[in-house]
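Inside the fold
These are the residues of each chain, in order.
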Amino acid sequence: MPDSARCKNLICAIDSADPFAAANLVAMVRNHVGAIKLGLEFFTANGPKGLREIAKYDLPIFLDLKFHDIPNTVAAAVSGAVKLGIFMLTVHCSGGAEMLRAAAKAAAETAEATGRTRPLIMGVTVLTSMNDADLKGAGYKWRLKKQVLNLANLAEESGLDGVICSPHEIREIKKHCGPDFKLAVPGIRPIFAENNDQKRVMTPLEAIQLGADYLVIGRPITKAPDPGTAAREIAGEINRAGGIL
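Quick caveat: nothing in here was measured; it's all calculated off a predicted structure.

Take Thr-90: it is sitting in strand S4 (residues 88-92). One polar contact links Thr-90 to Asp-64, side chain to side chain, over a distance of 2.7 Å. In terms of polar contacts, Thr-90 uses its side chain to reach the backbone amide nitrogen of Lys-66, at 2.9 Å. When near neighbours in sequence (up to four residues on either side) are disregarded, Thr-90 contacts Phe-62, Leu-63, Asp-64, Leu-65, Lys-66, Phe-67, Met-122, Val-124 and Ile-164.

Right, dumping it as structure tokens:
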């Protein structure tokens, strides 16, 4: 397979608040990535209308808003997100089992009622910007790896499709939750990129070999001198590895 082929499991994180800049980035990377992640920065500035404009580029959208509220509120938010036609969304596992079950139920019921494909509901375990010291400072009892595993088990038991985790937690989560439990992995930095604000990072090849299902990559693509070329190089790295295509 040629290096320039699209990698369907490569998700490009585009969180610019500027809708024109975001659309320009999507246009540059669309032939190499499998999906686009839109997060709080983009959605707060542009809302559903902005999301629909990005959807015109005919790439699946991962809406990363990390819902965390009482169960009824999260269920309503998930229902609204499903109606936008996204393929993946996030909720915080620390919201508890009742909230997670409400999210999963709302996604299934809304998809059935509207005739849409049910999006993947992914739980956020511990943010990749955090380490053991950060968790301790926030008052958490467990060290990082134990906390991540506890939350991943909770997500699986509550009916979620998978979790967001750092590359360093892939092996343990797959071991405990099974191969069908999806893992979307940020903190991915190709060799040519510098580490920025994430403390638990790994190269695409390393994450693939451990069993990542989706790789979420932002600045190494979007801040590159030529985002299209960067996306193509990363897709090529994954392809050559015989990875997750």
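More follows now that the structure is in view.
Counting across every chain of the model gives 1 aromatic pair. Each ring, one from Phe-87 and one from Tyr-214, has its centre 6.0 Å from the other, and the planes form 65°; the classification is edge-to-face. Of this pair, Phe-87 sits in the loop between helix H3 (71-82) and S4 while Tyr-214 is found in strand S8 (residues 214-217), placing the two residues 127 residues apart along the sequence. Classification of Tyr-214 as buried rests on a relative accessible area of 14%. Taking NZ or CZ as reference, Lys-146 lies 5.3 Å from the ring centre of Trp-142, over its face.

Bringing the pattern of salt bridges into the picture now. Taken as a whole, this structure holds 8 salt bridges when the rule is applied. Across the salt bridge formed by Glu-109 and Lys-105, the nearest N and O atoms sit 4.0 Å from each other. Separated by 4 residues within a single helix, Glu-109 and Lys-105 lie in helix H4 (residues 97-114), roughly one turn from each other. Judged by relative accessible area, which is 51%, Lys-105 ranks as exposed. One salt bridge connects Asp-132 with Arg-143, and the closest N-O pair in it is separated by 3.0 Å. Remark: Arg-143 occurs in the loop between helix H5 (132-137) and helix H6 (144-157) and Asp-132 occurs in helix H5; sequence separation between them is 11 residues. When its relative accessible area of 30% is taken as the criterion, Asp-132 is described as partly exposed. Of the residues examined, Arg-143 reaches a relative accessible area of 61% and is grouped as exposed. Ionic contacts of the salt-bridge type, sharing partners, join the residues Asp-15, Lys-37, Asp-64 and Lys-66 into one network.

Rules used throughout
- Residues numbered from 1 in each chain as written.
- Predicted model: local features only at pLDDT ≥ 70, side-chain atom pairs only at ≥ 80, totals over all residues.
- Heavy atoms only, no water.
- Helix = DSSP H or I, 4+ residues; strand = E, 2+ residues; numbered from the N terminus.
- Polar contact = N/O pair within 3.5 Å; in protein donor to acceptor, adjacent residues only side chain to side chain.
- Contact = heavy atoms within 4.5 Å.
- Phe/Tyr/Trp six-rings, centres within 6.5 Å; stacked < 30°, edge-to-face > 60°.
- Buried < 20%, exposed > 50% of the residue type's maximum accessible area, 1.4 Å probe, protein only.
- Lys NZ or Arg CZ within 6 Å of the ring centre and 35° of its normal.
- Salt bridge = Lys/Arg side-chain N within 4 Å of Asp/Glu carboxyl O.

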